[in-house]
Amino acid sequence: MQPLSRRSALFLGGAGVVATATGAAGLLWGQGPGFQAAVGQELIEPQALHSADGRLQVKLSAALGQMRIAGKDATALSYNGSLPGPTLFLQAGDRVNVTLENKLADPTNLHVHGLHVSPRGNSDNVLVSIEPGTSFGYEYQLPVDHPPGVYWYHPHRHGSVADQIFGGLYGAIIIEDSQPVPVTRERVLVISDISLTEGGSIAAVSEMEKIMGREGVMVLVNGQLSPALTARPGERERWRIINACNSRYLKLRLDGQHLQLLGLDSGRFQSPRDVEEVLLAPGNRADLLVTTAIGTAILRTLPVDRGSMGSMMGGNNGGGQSRPGPDGTVLATLSVTGAPAVGLGPVPTQPAPRDLRATPVSAHRELVFAMEMGMNGGGMGGGRGSEMMSFTIDGRPFDPARVDTTVPAGAVEEWTLRNTSPMDHPVHLHVWPMQIIEQAGRPVDSVVWQDVVNVPARSSVRVRIAFDDFTGKTVYHCHILDHEDSGMMGLIEVR
Ligand code: C2O
Ligand code: CU
Ligand code: CU
């Protein structure tokens, strides 16, 4: 680590002031001048597109334009003119064709987060770049045994991922169960955050916010601010929840209602688990059953301490993280009234998930996630966050021309994800999910599979990965998208 020079200390101090000023402006929003949102409108579901006969063909047009956000006119990015984009409902074994049309001013591309599909060619290849004014045809072949669950799509063009997702480019993907779960209602809840100016366009983000990982002033559910949901008592609803926020961790509660987690990220647990709250790092998804009880319940997200830059920046606890009160931020209101619904049949149990804890491991690796102060040849005079602070894995920022990790096809590997920095990093690997086997030095005593694994500040997590089915090049990275764009990403080749 480079010593903190007076020059960079002064500069960072300046950036801190900027961040504070932005934060203060953000607080005024809603109460006075600034973007005037409408709250309490009835929840709108994103457009639903279902595959049929094993096929789905979709056109997604990424553009800047006018749309409704938080019930008011705004100018943001979107797929097909709405935020979020359409939800793709798929079945295992489907073939999906997506024509992505780039009407943005910058290059983009598309990633299907969590899907177990090939990373090559025109499948889930994050190394392609679709230039403005051009289109690209993606084709994804889902394996016949693809796990059901909640997934999502978003841009993955290195360097602009944070801005494009923050601007509004994301949508849900649902892979249906082969044996349906009896429910009275399914809802897709895409949770994202955004900051808008008074005129309704995307607010600028300071360099300090990028270092921290930007958090939007408004936390939206399907593009709405604090929407209203209604149900009758005794109903069983299935909520597919996606944390599409750039950096914000969600700690969700819905007090007064019976919550059961069916699964997290991909796949389903053997049987539903009773939960009181659900923690979702950026990129994580929850498949949640809500059995309704009479009354009004508030879906809220409680504050999550994901670390700070305090110790690296001489006590200046950098901006970018919202600090809601202890009751958290209201996301939605569920009103349960009326005649009780008739009970539904049991939730079908699932086969026991695969467990790699007893599987012989062919290689052990350690990946070190670090943040280091440094000017990196720039900095003074409004450099990017990545120039004030370097974000690295194993000491190197991302380089698309360099393969960092080579794995033989079919291998089962154990990776230690070590975080030496004072902030948490939610670590994501494409294509292959990770089984968490040890956290903070303690073995995990149940089978936990995720594709985004939070690695707390100055801590480490051990995971096992089975590199089955596919070969090719893809990436692993921090899912705080500003960190990813600043270089906290590595290239893996399975061959
Ligand atoms: Cu959700 Cu590599 O991303
Ligand atoms: Cu992904
Ligand atoms: Cu990070």
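This text gives an overview of the structure that appears in the document. (Residues numbered from 1 in each chain as written. Chains lettered and ligands numbered in written order. Predicted model: local features only at pLDDT ≥ 70, side-chain atom pairs only at ≥ 80, totals over all residues. Heavy atoms only, no water.)

**Focus on the overall build of the protein chain**
Here is step 1: Assigned secondary structure in the protein chain consists of five helices and 32 strands.
Here is step 2: Across the 495 residues of the protein chain, 57% fall into the buried class.
Here is step 3: For the protein chain, long-range pairs separated by at least 24 residues make up 79% of all intrachain contacts whose partners lie at least 6 apart in sequence.
Here is step 4: Carbon and sulfur atoms form 52% of the exposed surface of the protein chain, whose accessible area is close to 19,000 Å². (Helix = DSSP H or I, 4+ residues; strand = E, 2+ residues; numbered from the N terminus. Buried < 20%, exposed > 50% of the residue type's maximum accessible area, 1.4 Å probe, protein only. Contact = heavy atoms within 4.5 Å. Areas by Shrake-Rupley, 256 points an atom, 1.4 Å probe, with all protein chains shown as cover.)

**Focus on the side chain of Thr392**
Here is step 1: With respect to the helices, strands and loops of the structure, Thr392 is situated in strand E22 (residues 389-393).
Here is step 2: Here Thr392 is in contact with Val368, Phe369, Ala370, Pro397, Gly487 and Met488, once residues within four sequence places are set aside.

**Some words on the environment of Ser335**
Here is step 1: Here Ser335 shows up in strand E20 (residues 329-336).
Here is step 2: Apart from residues no more than four positions distant in its own chain, Ser335 is found in contact with Leu229, Thr230, Ala231, Gly295 and Thr296.

**Points about the packing of aromatic side chains**
Here is step 1: Per the stated rule, a full pass over the model turns up six aromatic pairs.
Here is step 2: Centroid distance Trp415 to Phe467: 5.9 Å. Interplanar angle 35 degrees. Geometry classified as tilted. Highlighted residues: Trp415 in strand E24 (residues 412-419) and Phe467 in the loop between strand E30 (459-466) and strand E31 (472-478), separated in sequence by 52 residues.
Here is step 3: We classify Phe467 as buried; its relative accessible area is 0%.
Here is step 4: Grouped by ring-pair contacts, the aromatic residues Trp415, Trp432, Phe467 and Tyr476 constitute a single cluster. (Phe/Tyr/Trp six-rings, centres within 6.5 Å; stacked < 30°, edge-to-face > 60°.)

**Here we look at the coordination of the copper ion (ligand 3)**
Here is step 1: The copper ion (ligand 3) binds to the protein through His425 (ND1), Cys478 (SG) and His483 (ND1), with metal-donor distances spanning 2.0 to 2.1 Å.
Here is step 2: Counting gaps between the donor residues of the copper ion (ligand 3) yields the pattern H-x52-C-x4-H. Of the two residues, His425 sits in strand E25 (residues 425-429) while His483 sits in helix H5 (residues 481-485), which places them 58 residues apart along the sequence.
Here is step 3: Taking relative accessible area as the criterion, His425 reaches 0% and is therefore assigned buried. (Donors = N, O, S within 2.8 Å, 3.2 Å for Na, K, Ca; no water.)

**Considering the pairing of E30**
Here is step 1: Among the eight residues of E30, seven are classified as buried, and the element is accordingly described as predominantly covered.
Here is step 2: Looking at chain direction, E24 and E30 are connected through eight bridges and run antiparallel. What sits directly across from Trp415, in E30, is Val463.
Here is step 3: In this structure, strand E26 (residues 434-439) lies alongside E30, joined through four bridges in antiparallel fashion. Its bridge partner lying in E30, Gln435 is registered against Arg464. (Pairing = 2+ DSSP bridges.)

**Details of the coordination of the copper ion (ligand 2)**
In an ideal octahedron of six donors the angles at the metal are 90 or 180 degrees, and in an ideal tetrahedron of four donors they are 109.5 degrees.
Here is step 1: Within the protein, His111 (NE2) and His428 (NE2) serve as the donor atoms for the copper ion (ligand 2), at 1.9 Å. Remark: His428 occurs in strand E25 and His111 occurs in strand E6 (residues 111-113); sequence separation between them is 317 residues.
Here is step 2: Among the residues examined, His111 registers a relative accessible area of 0% and is labelled buried.

**Notes on the environment of Glu42**
Here is step 1: Of note, Glu42 is situated in the loop between helix H1 (6-28) and strand E1 (48-50).
Here is step 2: Sequence separation between Glu42 and Thr333 is 291 residues, and the spatial gap between their C-alpha atoms is 9.6 Å.
Here is step 3: Every residue in contact with Glu42, bar those within four places of it in the chain, is listed here: Gln224, Pro227 and Ala228.

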